[in-house]
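# An overview of the molecular structure
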Amino acid sequence: MPRTTRGPTAFRRHRKITARTRGFRGRRKNVFRVARQALMKADQYAYRDRRDRKRQMRSVWIVRVNAAARQAGLTYRTFMHGLGQAGLPIDRKMLAELALHNPKAFAKLAEHAKNALAAS
């Protein structure tokens, strides 16, 4: 029975790894053993940072809503409390979008929040 070599199989396996490490620096892009370790670490960072991005975006939304609320004469805290009192549960992402792209609508929400705070 003829001997089978694993050359083509190993080559394809190595090529998959080195294709994904294109753009890495030094031996991390072309030496298979180093590239495989670099890719495993890169995948760990990518997994972790997909979750971290969600936290960062929430912080950005809060900063934007705070800036717009202060222009309307409220702090972020009182604005959010006023929205809750007014029965307008709008999430921070949508509030940030309104603050950025439709300031008039955001000002109306701020007025609702102020009225609800004054009523309570």
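To be clear, the structure that these remarks concern was listed above.
To start, this report covers the structure provided alongside it. This structure is a prediction, so every number in the text was calculated from the model and none was measured. (Residues numbered from 1 in each chain as written. Predicted model: local features only at pLDDT ≥ 70, side-chain atom pairs only at ≥ 80, totals over all residues. Heavy atoms only, no water.)

## Some details on helix α3 (residues 76-86)
Along α3, the positions that sit buried rather than exposed are Y76, F79, M80, G82 and L83. Take α3 and look down its axis: the buried residues cluster within an arc of 160°, on one side only. Facing away from the buried side of α3, by more than 90 degrees, are the exposed residues R77 and G84. Contact partners of the buried residues in α3: α2 (32-71), α4 (92-101) and α5 (103-119). Remark: G87 follows α3 within two positions and exhibits a positive phi of approximately 75°. (Buried < 20%, exposed > 50% of the residue type's maximum accessible area, 1.4 Å probe, protein only. Helix = DSSP H or I, 4+ residues; strand = E, 2+ residues; numbered from the N terminus. Arc of directions from axis to C-beta. Contact = heavy atoms within 4.5 Å.)

## Section: the packing of aromatic side chains
Tallying each qualifying case throughout the model produces one aromatic pair. For the pair F79 and F106, a centre-to-centre distance of 4.9 Å together with 35° between the ring planes defines the contact as tilted. Here F79, found in helix α3, pairs with F106, found in helix α5; they are 27 residues apart in sequence, far enough to count as distant. The cationic tip of R51 hangs over the ring face of Y47; the distance from NZ or CZ to the ring centre is 4.0 Å. (Phe/Tyr/Trp six-rings, centres within 6.5 Å; stacked < 30°, edge-to-face > 60°. Lys NZ or Arg CZ within 6 Å of the ring centre and 35° of its normal.)

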